[in-house]
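Each chain, written out:
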Amino acid sequence: MSTTRPYSPGDRGPEPSGASGAAADATASSEGPSAVPSASSASAEPPGGGAAPAAAPAGSPPSGGRQVRRLDFDGASGVVPLARDFTRQALYAWGWLPADSADQRAAAEDVLLVVSELVTNACLHAEGPEELWITCDNKVLRIEVSDRGEGQPAPRTPHRAGRPGGHGMFIVERLCLDWGVVRSEDAGGPAGKTVWAELGAP
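These figures come from a predicted structure and were not determined experimentally.

J.: Account for helix α2 (residues 102–125), with residues named and values stated.
T.: Its 24 residues place the ends of α2 34 Å apart at the C-alpha level, agreeing with the 34 Å of an ideal helix rising 1.5 Å per residue. Among all positions in α2, only Ala 107, Ala 108, Val 111, Leu 112, Val 114, Val 115, Ser 116, Glu 117, Leu 118, Val 119, Asn 121 and Ala 122 are buried. Elements in contact with the buried residues of α2: α1 (79–93), β2 (129–136), β3 (140–147), α3 (168–175) and β5 (193–200). Of the residues trailing α2, Glu 127 is marked for its positive phi of about 60 degrees.

Next comes the structure, spelled out in structure tokens:
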């Protein structure tokens, strides 16, 4: 599993700056942090790279293209349940929930667990998360959590199941197709990082 590559092996990375269809699907929130749609230009990108993709109508599963949602944690408290609720709403909008089978239910629960673990890690090791991006297409759901931390997330080695704490990245590694870290300064931005993880669609 990767801990440094910005993209999984099959990902082509960001689309050219002239790519079309960059409008994003997001749900606005009137309280606390905002769930903000990306700008409707090809320059709007999730923190880990890749143009913000075109969205299908709200409430419908993705068909052909990608959909993206963003949650800004600025000034928020209770960020872990907030992130789970935000993610659950996206899963309903994209057709992952309500689940029609045990496999679909398990896939949705895996997504919620990975979101919880990545946001919790940002709270414990990086003074809290800044943004959560969730991108979905027909095959893969990508989660990205950005923070200002400089540490390097990694599963504890050796992993001891009976030991309290330290299981977050082990869980992410076991549940995800791939995961990694993108350093903000590598892209010319301020210090910090984005931890990304990808899960397969049910």
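Here the narrative resumes.
J.: Explain α1 residue by residue, including any values.
T.: Relative to the 21 Å expected for 15 residues at 1.5 Å per residue, α1 spans 21 Å between its end C-alpha atoms, a close match to the ideal helical length. Elements in contact with the buried residues of α1: β1 (67–72), α2, β2 and β3. Just beyond α1, the residue with positive phi is Gly 95, at close to 85 degrees.

J.: Talk me through the nonpolar core; I want residue IDs and the actual numbers.
T.: Counting 34 residues, the largest nonpolar core has Leu 118, Leu 132, Leu 141 and Ile 143 as the members making the most contacts within it. Elements that contribute at least two residues to this core include exactly α1, α2, β2, β3, α3, β4 (178–183) and β5. Element by element, the count of residues in this core is highest for α2, at nine residues. Beyond its immediate sequence surroundings of up to four residues, Ile 143 is in contact with Val 111, Val 114, Val 115, Leu 118, Leu 132, Trp 133, Val 195, Trp 196, Ala 197 and Leu 199.

J.: Residue-level account of the sheet that holds β1, with values.
T.: Reading across from one edge, β1-β2-β3-β5-β4 is the order of the five strands in this open sheet, with antiparallel pairing throughout. The open sheet has two edge strands, β1 and β4, and neither has a second partner. Shown here is a sheet whose adjacent strand axes are inclined to one another by a mean of 15 degrees, direction ignored. In this structure, β3 lies alongside β5, joined through eight bridges in antiparallel fashion. Pairing of Val 145 across the sheet is with Val 195, part of β5.

J.: So what about the pattern of salt bridges? Which residues, and what values?
T.: Taken as a whole, this structure holds seven salt bridges when the rule is applied. As a salt-bridge pair, Glu 131 and Arg 70 come within 2.6 Å of each other at their nearest N and O atoms. Placement of Glu 131 in strand β2 and of Arg 70 in strand β1 is noted, with a sequence separation of 61 residues between them. For Glu 131, a relative accessible area of 18% translates into the label buried. The class of Arg 70 is buried, set by a relative accessible area of 15%. In this structure, the salt-bridge partner of Glu 144 is Arg 142, at a minimum N-O distance of 2.8 Å. Accessibility expressed as a relative area gives 1% for Glu 144, which makes it buried.

J.: With reference to specific residues and values, describe the packing of α2 against α3.
T.: Here α2 crosses α3 at 145 degrees, and the two axes come no closer than 9 Å. Crossing hand, α2 versus α3: left-handed. Along the contact surface, α2 presents Asp 110, Leu 113, Val 114, Glu 117, Leu 118 and Asn 121, while α3 presents Gly 168, Met 169, Ile 171, Val 172 and Leu 175. Taken together, the residues of the contact of α2 with α3 sort by class into seven nonpolar, two polar and two charged.

J.: Pulling in residues and values, what's your account of the side chain of Asp 72?
T.: Structurally, the position occupied by Asp 72 is in strand β1. Among the polar contacts listed, one links the side chain of Asp 72 to the backbone nitrogen of Asp 74, at a separation of 3.0 Å.

The rules we used
- Residues numbered from 1 in each chain as written.
- Predicted model: local features only at pLDDT ≥ 70, side-chain atom pairs only at ≥ 80, totals over all residues.
- Heavy atoms only, no water.
- Helix = DSSP H or I, 4+ residues; strand = E, 2+ residues; numbered from the N terminus.
- Expected span 1.5 Å × (residues − 1).
- Buried < 20%, exposed > 50% of the residue type's maximum accessible area, 1.4 Å probe, protein only.
- Contact = heavy atoms within 4.5 Å.
- Core = buried A, V, L, I, M, F, W, Y, C linked by side-chain atoms within 4.5 Å.
- Pairing = 2+ DSSP bridges.
- Axes fitted to C-alpha atoms, helices over the stretch in contact; angles between N-to-C directions.
- Salt bridge = Lys/Arg side-chain N within 4 Å of Asp/Glu carboxyl O.
- Left-handed = near helix turned anticlockwise from the far one by under 90°.
- Nonpolar A, V, L, I, M, F, W, Y, C, P; charged D, E, K, R; others polar.
- Polar contact = N/O pair within 3.5 Å; in protein donor to acceptor, adjacent residues only side chain to side chain.

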